[in-house]
Structures are given as structure tokens and as C-alpha cells.
Amino acid sequence: MSEALTNTPASLLVNAEQLAAHPEWRVFDCRHDLQNTEYGRQAYARGHIPGALFLHLDEDLSGTANGRNGRHPLPEQAVFAQRMADCGVDAATQVVAYDNEGGIFASRLWWLLRWLGHDQVAVLDGGL
């Protein structure tokens, strides 16, 4: 059975030791570079936390930009929820997100999941 973190301010971040102790947690690599949008995918291909899945800011963590809704608009909730389900996230899944930019992109996944009502999400303290 998966052990989830309690929803407290301290549980918003997990450290490497906590992550290593819970291989059942679903981990997402959210690395991105606004100037080189293929950077995250390339960095993931070079190496990532074992078992982590890659989510692209433009393709997975944003909706379709139409010129009037910003650079990275919110995705449709149903579309994003389905993407998370396709990645193995359900109501009982503890999710951990990371990047290598101080958490700016990982925190987007954190926020989007909270927006959907999924509280079992944390950011990896210190990133990759």
C-alpha cells in the first residue's frame, strides 16, 4: 500500500532520503528552459531519477495558447486529469515533482494537481 505524506507545510517538500524510501511514489521530471523548449526532454533522455516520467511544460502542463490567453495557459481540467491518469496517478497516488531551476516548473505541476483537488503532491527539495 502506498504511504502518502500528510498535508502539512512540511510535506510540501520531500528530501532525497524520503523519496528513496518510497519507490511506489510517482515521480515527475519537469525540467524546462523557456529559451530552448527541447531542453527538458533532452536532459531527461540523458538521465533522470529512476522511475520518473517526463512532463513537458508546453505539451503537458499547459493548455493551447491562442494569442489571447498567455504563453502557458491552464490546460483544460479534464484533459490534464486524463494525462495524469495515463501516467498512473489516481486519488491515492503520492506525486513528487522536480526540476533543476529552483522548483519553478515542478511547482507548476504541484499547483495543477492541487487545482484538480489532488493534495498528495510534493516538490523534491533541492531539485535534481
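This is a predicted model, so every value here is computed, not measured. Just so you know, the residues in each chain are numbered from 1, in the order the chain's sequence is written. Local features in this predicted model are restricted to residues whose pLDDT is 70 or higher, and side-chain atom pairs enter the listing and the counts only when it is 80 or higher, whereas totals over whole chains, interfaces and linings include all residues. As a rule here, side-chain values come from all non-hydrogen atoms in the structure, and water together with hydrogens is ignored.

**Regarding the sheet that holds strand β1 (residues 13–14)**
Next up, step 1: Spatial ordering of the open sheet is given by β1-β5-β4-β2-β3, a layout of five strands whose pairing is parallel. Looking along the sheet, the strands with just one partner apiece sit at the ends: β1 and β3 (53–54).
Next up, step 2: Where strand β4 (residues 95–98) lies against strand β5 (residues 121–124), three bridges are found, and the strand directions are parallel. What sits directly across from Ala-97, in β5, is Val-123.
Next up, step 3: Against the sheet, helix α4 (residues 106–115) contacts β2 (26–29), β4 and β5, and its axis sits at roughly 175 degrees relative to β5. Pairing between strands is defined by DSSP: at least two bridges between the two strands are required. The secondary structure listing takes helices from DSSP runs of H or I that are at least 4 residues long and strands from runs of E that are at least 2 residues long, numbered from the N terminus. Any two residues whose heavy atoms approach within 4.5 Å are treated as being in contact. A fitted line through C-alpha atoms represents every axis, and for helices the fit uses only the stretch in contact; the resulting angles, taken between N-to-C directions, go from 0 to 180 degrees.

**Some words on the packing of aromatic side chains**
Next up, step 1: Any pair of Phe, Tyr and Trp rings, taking the six-membered ring for Trp, is counted once the centres come within 6.5 Å. Such a pair is stacked with planes under 30 degrees apart, edge-to-face with planes over 60 apart, and tilted for the rest. One pass over the structure, following the stated rule, counts two aromatic pairs.
Next up, step 2: Considering the side-chain rings of Trp-111 and Trp-115, the 5.7 Å spacing of their centres and the 20 degrees angle between planes classify their relative orientation as stacked. Taken together, the residues span about one helical turn, with Trp-111 and Trp-115 both in helix α4 at a distance of four residues.
Next up, step 3: Exposure classes here rest on a 1.4 Å probe applied to the protein chains alone. A residue is buried below 20% of its type maximum, exposed above 50%, and partly exposed in between. On the basis of relative accessibility, which here comes to 28%, the residue Trp-115 falls in the partly exposed class.

**Let's talk about the pattern of salt bridges**
Next up, step 1: Salt-bridge detection follows one rule: a side-chain nitrogen of Lys or Arg within 4 Å of a carboxyl oxygen of Asp or Glu. Per the stated rule, a full pass over the model turns up five salt bridges.
Next up, step 2: Linking Glu-59 and Arg-41 is a salt bridge whose minimum nitrogen-to-oxygen distance equals 2.7 Å. In this pair, Glu-59 sits in the loop between β3 and α3 (77–86) while Arg-41 sits in helix α2 (residues 39–46), placing the two residues 18 residues apart along the sequence.
Next up, step 3: If you follow the salt bridges from partner to partner, you end up with Glu-38, Arg-41 and Glu-59 in one network.

**A word on the side chain of Arg-31**
Next up, step 1: Positionally, Arg-31 belongs in the loop between β2 and α2.
Next up, step 2: One polar contact links the side chain of Arg-31 to the main-chain carbonyl oxygen of Ala-43, over a distance of 3.3 Å.
Next up, step 3: There is a polar contact of 2.7 Å between the side chain of Arg-31 and the backbone oxygen of Gly-47.
Next up, step 4: Contact partners of Arg-31, with chain neighbours within four places excluded, come to Tyr-39, Gly-40, Ala-43, Tyr-44, Gly-47, His-48, Phe-54, Tyr-98, Asp-99, Asn-100 and Leu-128. N or O atoms within 3.5 Å of each other form a polar contact, as long as, within protein, one can give a hydrogen and the other can take it, and as long as residues adjacent in sequence are counted only when both atoms are side-chain atoms.

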